[in-house]
Amino acid sequence: MTTAAADPKGGGGGASSAVAASARRLVKAYGQGETRVIALDHVDVDIERGAFTAIMGPSGSGKSTLMHCLAGLDSVTEGRIRIGEQEITGLKDKKLTRLRRDRIGFIFQAYNLLPTLNALENITLPMDIAGRKPDRQWLETVISTVGLHERLHHRPSQLSGGQQQRVAVARALASRPEIIFGDEPTGNLDSRAGAEMLGFLRRSVDELGQTIVMVTHDPVAAAYADRVLYLADGRIVDEMYKPTAQAVLDRMLRLAETGGPEAGSAAGTVPSEAAVHAQAPDGRSAAAADGLAAFGTLHDGFDAFGARGAGGGDHGDLRGSWP
Ligand SMILES: Nc1ncnc2c1ncn2[C@@H]1O[C@H](COP(=O)(O)OP(=O)(O)OP(=O)(O)O)[C@@H](O)[C@H]1O
């Protein structure tokens, strides 16, 4: 991986640590009694600073819940979460809101751009709300990284979907947050705009030192990351460093093979082999498409691999010493 040229200044404590965010024994349950759902089941994870992490897993495996808990958008049932060195579990609403505003960036499928503001105003809006002056030089770097110079004074309705997405990316990057969370940030884009967007995110990690966590169903998107975490039934059951689209597909296949009789019924959650051939950023092809659709409904079979990386990949576990 390319070494970061510059560290985002982040919003406070912990910016020097190798871990940007972490969860310990994280449990998230929804509902009560018979309707209780355990969305996260004692998750331990460290998110590496200055790296691009993808979270993958079948529908309902807990990806969004994990991201929302890590980002302080959702409360936890048990366990602890830190952003940098700061524990956020137990923070009062006001402090949590300020922490999110100052230290975290978000890119969602709905870009949430304000229609009455132009692109530049949308990009600087979070800083304006926080009463912070944008760092002009940084802003310039971000805008040229995402290639928006020509469109800064256009309103969202005058921009293409891809350009709107770039504004959303620039907005997330502009305040130099300690960590950016994206929930399927390319979900609404065609493959070309999606690849462009992922390229921007990759560059922001390589050239701007950004930390990014992205939920995705797409092995091609995951291949832009430095590390892929695999969730199933609310647990992290595997991980892969330096993923390629091919390796992610292979891993998904391997995991799917132990997915039980229901495996194979959720074709919508993985791209076709042809799509992977067409898009893989590393230019390698995906040879093994048989049974890929199985990834959509994995169950207990995932456990056969044990937590974290049984079966390949580089494992640079950063888990710290706090329990
Ligand atoms: N607000 C909620 N109330 C009740 N159950 C919920 C709620 N949010 C999520 N869940 C449940 O928690 C589990 C994990 O959901 P989550 O959205 O995190 O999964 P996911 O992996 O992101 O799924 P997808 O890929 O379909 O978006 C699922 O069983 C889901 O139905």
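Residues numbered from 1 in each chain as written. Predicted model: local features only at pLDDT ≥ 70, side-chain atom pairs only at ≥ 80, totals over all residues.

- The name recorded for the chain in an unreviewed UniProt entry is ABC transporter ATP-binding protein, from Streptomyces marispadix.

## A look at helix α2 (residues 93–103)
Link 1 in the chain: Residues of α2 that are buried: L99, R100 and R103. Take α2 and look down its axis: the buried residues cluster within an arc of 100 degrees, on one side only. In α2, the exposed positions angled more than 90 degrees off the buried face are occupied by D93, K94 and T97.
Link 2 in the chain: Close packing links the buried residues of α2 with β4 (78–83) and β6 (104–107). (Buried ≥ 20, exposed ≤ 12 C-beta atoms within 10 Å, placed from the backbone. Helix = DSSP H or I, 4+ residues; strand = E, 2+ residues; numbered from the N terminus. Arc of directions from axis to C-beta. Contact = placed C-beta atoms within 7 Å.)

## Considerations on the packing of helix α3 (residues 119–130) against helix α5 (residues 161–174)
Helix packing for two helices is described by the angle between their axes and how far apart those axes are.
Link 1 in the chain: Taken N-terminus to C-terminus, the directions of α3 and α5 make an angle of 30 degrees; their axes are 8 Å apart at the nearest point. When you trace α3 past α5, the crossing you get is right-handed. Contacts between α3 and α5 involve A119, N122, I123, T124, L125, P126 and M127 from the first element and V167, A170, R171 and A174 from the second.
Link 2 in the chain: Of the residues assigned to the contact of α3 with α5, the class counts are 8 nonpolar, 2 polar and 1 charged. (Axes fitted to C-alpha atoms, helices over the stretch in contact; angles between N-to-C directions. Left-handed = near helix turned anticlockwise from the far one by under 90°. Nonpolar A, V, L, I, M, F, W, Y, C, P; charged D, E, K, R; others polar.)

## Describing the sheet that holds β4
Link 1 in the chain: The strand order across the open sheet built from 4 strands is β2-β1-β4-β5, with neighbouring strands paired in antiparallel fashion. Here the strands that pair on one side only, and so sit at the sheet edges, are β2 (37–48) and β5 (86–87).
Link 2 in the chain: Strand contacts of helix α1 (residues 63–70): β1 (19–30), β2 and β4, with the helix running at about 120 degrees to β1, the strand carrying the most contacts. (Pairing = 2+ DSSP bridges.)

## Focus: the nonpolar core
Most often, soluble globular proteins keep nonpolar side chains buried together rather than apart.
Link 1 in the chain: Grouped together as the largest cluster of nonpolar side chains are 75 residues, with contacts concentrated most on V169, A170, I179, L201, V228, Y230 and V248.
Link 2 in the chain: In contact with Y230, other than residues within four places in its own chain, are M56, G57, I236, V237, D238, E239 and L255. (Core = buried A, V, L, I, M, F, W, Y, C linked by C-beta atoms within 7 Å.)

## Focus on the pairing of strand β10 (residues 235–241)
A regular strand carries its side chains on alternate faces of the sheet.
Link 1 in the chain: Of all the 7 residues making up β10, 6 are buried; the element is thus mostly covered by neighbouring parts of the structure.
Link 2 in the chain: Relative to β10, strand β9 (residues 227–232) runs antiparallel, the two being bridged by 6 bridges. Of the residues in β10, the one forming a bridge with R227 is Y241.
Link 3 in the chain: Connecting β9 to the antiparallel partner β10 that follows it, the hairpin turn spans 2 residues, and D233 within it adopts a positive phi of roughly 50 degrees.

## Quick notes on the site of the ligand
Link 1 in the chain: In the vicinity of the ligand, the residues found are Y30, G31, V37, A39, G57, S59, G60, S61, G62, K63, S64 and T65.
Link 2 in the chain: Taken together, the elements giving at least two residues each to the shell around the ligand come down to β2 and α1. (Near = placed C-beta within 6 Å.)

## Describing unusual backbone geometry
Link 1 in the chain: Unlike most non-glycine residues, E184 shows phi in positive territory, near 45 degrees.
Link 2 in the chain: Its location among the elements puts E184 in the loop between β7 (179–183) and α6 (191–208).
Link 3 in the chain: Overall, the presence of 18 C-beta atoms within 10 Å leaves E184 in the partly exposed class.
Link 4 in the chain: Positive phi values are uncommon outside glycine, yet K242 reaches one of about 45 degrees.

## Observations regarding the environment of P219
Link 1 in the chain: Within the secondary structure layout, P219 lies in helix α7 (residues 219–222).
Link 2 in the chain: Placed 83 residues apart in sequence, P219 and R136 show a C-alpha to C-alpha distance of 36 Å.

## A few points about the environment of L253
Link 1 in the chain: Topologically, L253 is positioned in helix α8 (residues 245–257).
Link 2 in the chain: The sequence separation of L253 and D135 amounts to 118 residues, and the corresponding C-alpha distance is 46 Å.

## Quick look at the sheet that holds β6
Pairing between sheet strands relies on hydrogen bonds along the backbone, with the strands arranged either parallel or antiparallel.
Link 1 in the chain: What the 6 strands build is an open sheet, ordered β6-β7-β8-β3-β9-β10; its pairing is mixed. In the strand order of this sheet, the two ends are held by β6 and β10, each with one partner. Neighbour-to-neighbour, the strand axes of this sheet turn through a mean angle of 20 degrees, independent of strand direction.
Link 2 in the chain: Pairing of β6 with β7 involves 4 bridges; the strand directions are parallel. Across the sheet, residue I107 finds its bridge partner in β7, namely G182.
Link 3 in the chain: Those strands touched by α5 are β6 and β7, and its axis lies near 175 degrees from that of β6.

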